[in-house]
Amino acid sequence: GLQKLKHFRKEIGKLGEMRDNFGRCEILFNIPPQAYPTLYKMESQMVELEKIYAIYTEFQAKVESWSTTLWVNLDAKVIEKGSKAMVKIAKEAPEELKQYNCFVALKDTIDGFRNS
């Protein structure tokens, strides 16, 4: 998912550059400016998905850190506190993020980790 996000961020960036170039040409040739609602919608959705994947990346980093800790050095309170913090982040996420299936899956994963 993260690699696809990066790939499509680049693609949307290229489309945004093309839109900007078209806008400059429209001004230059005195052509009425065109709206690109689909591109705007994709850019908005990309921003929301980046927020979701930022939460995912933070969660994965914590789990990776905890999983590489030796049993001797393992502090259950740190894991408990960290998992509570992740649940809180997911719970307090904006409503527009909660409509995405990937957010629901992430929240389920975080809750599953917390309850295990």
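Everything below is about the structure shown above.
Residues numbered from 1 in each chain as written. Predicted model: local features only at pLDDT ≥ 70, side-chain atom pairs only at ≥ 80, totals over all residues. Heavy atoms only, no water.

Trainee: Sorry if this is basic, but what is going on with the nonpolar core here?
Mentor: Most often, soluble globular proteins keep nonpolar side chains buried together rather than apart. Among the nonpolar cores identified, the biggest contains 11 residues, and these are Ile52, Ile55, Phe59, Met86, Ala90, Ala93, Leu97, Tyr100, Phe103, Leu106 and Ile110. Secondary structure elements with two or more residues in this core: helix H2 (37-67), helix H3 (76-91) and helix H5 (101-115). Dropping the residues within four chain positions of it, isoleucine 52 is found in contact with Leu97, Tyr100, Cys102, Phe103 and Leu106. By size, the runner-up hydrophobic cluster in this structure holds five residues, among which are Ile12, Leu39, Met46 and Tyr53. (Core = buried A, V, L, I, M, F, W, Y, C linked by side-chain atoms within 4.5 Å. Buried < 20%, exposed > 50% of the residue type's maximum accessible area, 1.4 Å probe, protein only. Helix = DSSP H or I, 4+ residues; strand = E, 2+ residues; numbered from the N terminus. Contact = heavy atoms within 4.5 Å.)

Trainee: How should I be thinking about the packing of helix H1 (residues 2-28) against H2 in this particular structure?
Mentor: Helices that pack against each other are described as a pair by the angle of their axes relative to one another and the distance between those axes. Where H1 contacts H2, the axes come no closer than 10 Å and their chain directions differ by 150°. With respect to H2, the axis of H1 lies roughly antiparallel. Read as a crossing pair, H1 and H2 show a hand that is left-handed. Within the contact between the two elements, H1 uses Leu2, Leu5, Phe8, Arg9, Ile12, Leu15, Gly16 and Arg19 and H2 uses Leu39, Met42, Glu43, Met46, Val47, Leu49, Glu50, Tyr53, Tyr56 and Thr57. Within the contact of H1 with H2, the residues separate by chemical class into 12 nonpolar, two polar and four charged. (Axes fitted to C-alpha atoms, helices over the stretch in contact; angles between N-to-C directions. Parallel < 35°, antiparallel > 145°, perpendicular 65-115°, else oblique. Left-handed = near helix turned anticlockwise from the far one by under 90°. Nonpolar A, V, L, I, M, F, W, Y, C, P; charged D, E, K, R; others polar.)

Trainee: Please clarify how H1 should be interpreted in this entry.
Mentor: Think of an α-helix as turning once every 3.6 residues; residues three or four places apart then point the same way. With 27 residues, H1 ought to run about 39 Å at 1.5 Å a step, and its terminal C-alpha atoms sit 39 Å apart, in line with that. Against H2 lie the buried residues of H1. Two residues or fewer after H1 comes asparagine 30, characterised by a positive phi angle close to 55°. (Expected span 1.5 Å × (residues − 1).)

Trainee: Can you help me understand the environment of threonine 69 in this one?
Mentor: Locating threonine 69 in the fold gives a position in the loop between H2 and H3. Side-chain polar atoms of threonine 69 contact the backbone oxygen of serine 65, separated by 2.9 Å. (Polar contact = N/O pair within 3.5 Å; in protein donor to acceptor, adjacent residues only side chain to side chain.)

Trainee: What's the story with the packing of H3 against H5 in this structure? I'm lost.
Mentor: Remark: H3 packs on H5, axes separated minimally by 9 Å, with the N-to-C direction vectors making an angle of 155°. It follows that H3 is roughly antiparallel to H5 by the angle criterion. Where H3 crosses over H5, the handedness of that crossing is left-handed. Here Ile79, Glu80, Ser83, Lys84, Met86, Val87 and Ala90 of H3 come into contact with H5, specifically with Phe103, Lys107, Ile110, Asp111, Phe113 and Arg114. Looking at side-chain class alone, the contact of H3 with H5 contains seven nonpolar, one polar and five charged residues.

Trainee: What should I look at first to understand the pattern of salt bridges in this one?
Mentor: Pairing of side chains with opposite charge becomes possible as their charged atoms draw close. One pass over the structure, following the stated rule, counts eight salt bridges. One salt bridge in this structure joins glutamate 11 and lysine 14, with 3.6 Å as the shortest N-O distance. Taken together, the residues glutamate 11 and lysine 14, both in helix H1 and three residues apart, mark about one turn of the helix. Of the residues examined, glutamate 11 reaches a relative accessible area of 32% and is grouped as partly exposed. Overall, lysine 14 belongs to the partly exposed group, its relative accessible area being 48%. Within the structure, one salt-bridge network assembled from shared partners comprises Arg19, Asp20 and Glu43. (Salt bridge = Lys/Arg side-chain N within 4 Å of Asp/Glu carboxyl O.)

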